Each structure stands twice: as C-alpha cells, then as structure tokens.
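Descriptive structure summary
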Amino acid sequence: MAWVFLALASLGEIFGVMFINMYLADKKWWRLIPLVLSFGLGFVLLSLAMREIPMGTAYAIWTGLGAAGAVLIGILFFREPAGWKRLLFISFIIAGAACLKLFS
C-alpha cells in the first residue's frame, strides 16, 4: 500500500505544480485552493508512504515522478517544447524511479 501512497503523492506534486502555473496565468485567490489542497494531500500521502519505504527512496521517487510528470503536463497542456532530448532525459528520470522501486 505504501507504493500506492507514493504514486498518489507524486500526482499531488504534479497537479500542485500545474495549479501554480494556472494561478500565475490568472491570479485569482480561489486558484490557490486547489494548489494548497494538492500539495497538502501530496505531503500527507508521502508521509504515509515513508512509514514503510526508506526516506531516501521515497523522496527520490516522489521528486523524480513529480518533476517528470510536471514536464509532461507542461508539454501536453501548456505548449512547452517537447524535443527529443527533453523526452529522453524524462525517460531517464522515470527509469531511475522504477529501478529504485525494483531494488528496494
């Protein structure tokens, strides 16, 4: 169950970053609500995952998947560039996270 919590915590990080971008585009106070909720839920789920997963592994996977997911969200929804080098290095981040899970 800890790995499920960690995956969901990464989604909280990804959506939190997305909500930051949306807030910066249109600075209305109510746009802060999903931002705070998303990051808050991500931190709670990360803390639950860290009950069973070592801190270094959990944090590395959480930040790696969060970063890779944020880049993919940027490419898919915010018209950020998607060059082959960028996609290659995102795949390295995801492969690293998968290997951390495999060998922990």
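Residues numbered from 1 in each chain as written. Predicted model: local features only at pLDDT ≥ 70, side-chain atom pairs only at ≥ 80, totals over all residues. Heavy atoms only, no water.

Per an unreviewed UniProt entry, the protein is named Paired small multidrug resistance pump, and its organism is Bhargavaea ginsengi. Recorded in UniProt for the protein, the comment headed Subcellular location (unreviewed entry) runs: "Cell membrane". (UniProt positions renumbered as here; feature names shortened; annotations may be inferred.)

We now examine the overall build of the protein. Broken down by element type, the protein carries 4 helices and 0 strands. The helix and strand sequence of the protein, counted from the amino end, reads α-α-α-α. Relative to its full complement of 104 residues, the protein shows a buried share of 31%. Across the protein, every contact between residues at least 6 apart in sequence was considered, and the portion connecting residues at least 24 apart equals 63%. (Helix = DSSP H or I, 4+ residues; strand = E, 2+ residues; numbered from the N terminus. Buried < 20%, exposed > 50% of the residue type's maximum accessible area, 1.4 Å probe, protein only. Contact = heavy atoms within 4.5 Å.)

Looking at the protein, the pLDDT average stands at 94 and 100% of residues meet or exceed 70. Within the protein, helix α2 (residues 32-49) carries the highest mean pLDDT (97), whereas helix α4 (residues 84-102) carries the lowest (91). (pLDDT = per-residue confidence, 0-100.)

A word on the UniProt feature "transmembrane region" (unreviewed entry) in the protein. Listed under "transmembrane region" (unreviewed entry) in the UniProt record, and renumbered for this structure, are residues 32-50, 57-78 and 84-103. As a span, residues 32-50 carries 95% helix and 0% strand, and end to end its C-alpha atoms are 27 Å apart. Span residues 57-78 is 95% helix and 0% strand, its end C-alpha atoms 30 Å apart.

To continue, consider the packing of helix α1 (residues 2-25) against helix α3 (residues 55-77). Where α1 contacts α3, the two axes come as close as 8 Å, and the packing angle between them is 40 degrees. As the angle between them shows, α1 and α3 are arranged oblique. Relative to α3, α1 is oriented so that their crossing is right-handed. Here Trp3, Leu6, Ala9, Ser10, Glu13, Ile14, Val17 and Met18 of α1 come into contact with α3, specifically with Thr57, Ala58, Ile61, Trp62, Leu65, Gly66, Gly69, Ala70 and Ile73. A per-class count over the contact of α1 with α3 returns 12 nonpolar, 4 polar and 1 charged. (Axes fitted to C-alpha atoms, helices over the stretch in contact; angles between N-to-C directions. Parallel < 35°, antiparallel > 145°, perpendicular 65-115°, else oblique. Left-handed = near helix turned anticlockwise from the far one by under 90°. Nonpolar A, V, L, I, M, F, W, Y, C, P; charged D, E, K, R; others polar.)

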